[in-house]
Structures are given as C-alpha cells and as structure tokens.
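Spelled out from the first residue to the last, the chains are:
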Amino acid sequence: MQARIAAEIHDLPAAEARVGEWILAHPRETLRASVRRVARAAGTSEPTVIRFCRRFGLPGYRELKLQLAAELGATESPMHGRVTATDSPTAAAQKVIEQSVAALQLLRDHSAELPFAQAAQALAAARQVVFIGVGASGQVAADAWQKFFRLGRPCSYASDEPTIRQLAAVCDAADVMVAVSHTGESATLSDATELARQHGAFTIAISRSGSPLMRSVDLGFSCSADEDTSLYTPMSSRLVHLAVFDALFVTVALTLGDTAVAALKQSKAALRPSAV
C-alpha cells in the first residue's frame, strides 16, 4: 500500500496528495489515528480522506489501516518483526508486548464495526457450532471450543484437513461453522465453509479483510494485526483472534440469558469433588 501511494501520489488532487504525504511520513501513527486526526494533519476534510482511500480501491479508512497494519510487519527477525539481533532481552520483551498491545488497541478502535450482534444471534440459535482452523489457528479454534461448550451448546472443533472437510459435509441449516485464520488463504478452510453453506449452515470467519476465506462466508470479522506471515510462529494475530472469541463468548452468553447462566453454573459445579 505504501509503495502504491508513493507511486501514484503525484497524480492525485492536491488535497488527497497531502493525505498521502502525511500517511507516508507517519505510517505507524496512521494505525492509531482517526479520520479526523488525519484530515486535520493534512489540512483537509474527512470526506477527502475517505475519497483518498477509495482512490486505492478500499471501502474506507478502516481498510486502509488494516492494509498498513499487515504490511508494516516487515520481518527483521524470524521470531518477531520488531526484534533485532542487537536488542537486549528487556528491549526485545518490551517490543513484543508493545506490538501485542498495539494490535489489541487497533481491534478495540474498530470493535463497534464488527458484527458481534449478528454472530451472537446465529450462535445462540445454533443446534451445534463447529470451530475450524489450521496450524496455529487450529489452537485458537480449540480454545474457542473449550469456552463455548460451557454455554450448553454442542460444539466441536477440528484442525486437520480430513476432519474439517467431514464436519463441513455433515453440517446442515441448524448449524454454524466458524473459521479462524490470520491470512485467510487456506483453501481447506474456504472449501469447508463453502461446503457447509451449500448444506444450509451459517458460516462465520475471523480473518484478514478481503481474503478468500472472508469471501466464502455469510458473516466476517475483519481482523488484521501488525504481523508478518513469514515469522516462525504468530503472536499478535493470535491474541487478536482470542480476544474476538472472548468477546463473542460474552455476547452469546448475554443473548442466551438465564440458559447460559445455568449452563455455566453446572459446568463449574462439575469440577468440584462429589460430596460423599
């Protein structure tokens, strides 16, 4: 995105060019800035900032920030995008924590735009919920399963391709399938959600905006973290996805009301030693 802006900035109207110049000069600040902040810094209006975003094929400013967040994860270390070989242990730890905090702050700033209400209604009404993910995202799917079954709704999860495909094949209109992926590029997940939809299931994705997975589902949570996919293991994106599932869990519990409270109490009571 930064390269495209730099290449095309001289062909933009003057006001939009100023927006581009400010973003190129302050890419990380852009991730935290509001539309109003950018407009004011560029000496222009908020509609001009939106027009600038649409000039590059993006629906709005939020999508621009997501694109920047994804590409600013340029890798300096195979372990973490902000850590260098010369960092002290303390400095490295601070960089890891700061990036995780920044990812969660970006999620918080856009949480009002995410479809929690629609997803909660679908999940609360489901006969069963199937969570799927591959690789590290499979562990996130497992964590979601561990939470959601306590609400008294049958749940399952899968992280291997054969099981994912078979679960999709037996879903029907009473079921909800939830797929999670940082890149959204996994053909296994896209194929599974499309197959589940063909059988009438409602499908949800938590992934990168505009990814193949997001295009294959009924409802999408656009999430992006400042993280390079060439890293050995995901960090910030995993925390973002876990936070989304935590928020979904609470919204579904609120939707279910007394039913959820009773189920949670029963599941907690089952952990106590039986009275003799």
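Preceding this section is the structure that the text describes.
Residues numbered from 1 in each chain as written. Predicted model: local features only at pLDDT ≥ 70, side-chain atom pairs only at ≥ 80, totals over all residues. Heavy atoms only, no water.

Some points on the side chain of Ser222
Worth spelling out the cut-off: Going along the chain from the N terminus, every DSSP run of H or I of four or more residues is numbered as a helix, and every run of E of two or more is numbered as a strand. Classification of residues uses two cut-offs on accessible area relative to the type maximum, computed with a 1.4 Å probe and protein chains only: under 20% is buried, over 50% is exposed, and between them is partly exposed. Should any heavy atoms of two residues lie within 4.5 Å, those residues are counted as being in contact.
Along the polypeptide, Ser222 turns up in strand 5 (residues 219-222). Residue Ser222 is classed as buried on the basis of its relative accessible area, which comes to 15%. The contacts of Ser222, once residues within four sequence positions are left out, are Arg62, Leu66, Leu114, Ser207, Ser209 and Met214.

Structural notes on the packing of aromatic side chains
Test applied: Any pair of Phe, Tyr and Trp rings, taking the six-membered ring for Trp, is counted once the centres come within 6.5 Å. Such a pair is stacked with planes under 30 degrees apart, edge-to-face with planes over 60 apart, and tilted for the rest.
By the definition in use, this model includes seven aromatic pairs. Each member of the aromatic cluster is reached from another via a ring pair, and the members are Phe131, Phe148, Phe245 and Phe249.

As for the sheet that holds strand 4 (residues 202-207)
Defined as follows: We call two strands paired when DSSP finds no fewer than two bridges between them. What counts as an axis is a line fitted to C-alpha atoms, over the stretch in contact for a helix, and the angles between N-to-C directions run from 0 to 180 degrees.
Taken in spatial order, the five strands make up an open sheet running 2-1-3-4-5, and their pairing is parallel. Whereas interior strands pair on both sides, the edge strands pair on one side only; in this sheet they are strand 2 (155-158) and strand 5. This sheet shows a mean twist of 15° between the axes of neighbouring strands, independent of strand direction. For strand 1 (residues 128-132) and strand 3 (residues 175-180), the ladder comprises five bridges, and the chain directions are parallel. Paired with Val129 across the strands is Val176, a residue of strand 3. Those strands touched by helix 10 (residues 161-170) are strand 1, strand 2 and strand 3, and its axis lies near 140° from that of strand 2.

Regarding the nonpolar core
Spelled out, the test is: We call a set of buried residues a nonpolar core when its members are Ala, Val, Leu, Ile, Met, Phe, Trp, Tyr or Cys and they connect through side-chain atoms within 4.5 Å of each other.
With 35 residues, the main nonpolar core has Leu123, Phe131, Phe148, Phe221 and Phe245 as its most contacted residues. Of all elements in the fold, only helix 7 (89-110), helix 8 (116-125), strand 1, helix 9 (136-148), strand 3, strand 4, strand 5 and helix 13 (236-256) reach the threshold of two or more residues within this core. Considering every element that reaches this core, the biggest residue donor is helix 13, with eight residues. Beyond its immediate stretch of four places on either side in the chain, Phe148 contacts Leu123, Phe131, Arg153, Cys155, Phe245, Leu248, Phe249 and Val252. The next biggest cluster of nonpolar side chains, apart from the first, holds 25 residues, and it includes Met1, Val19, Leu64 and Ala69.

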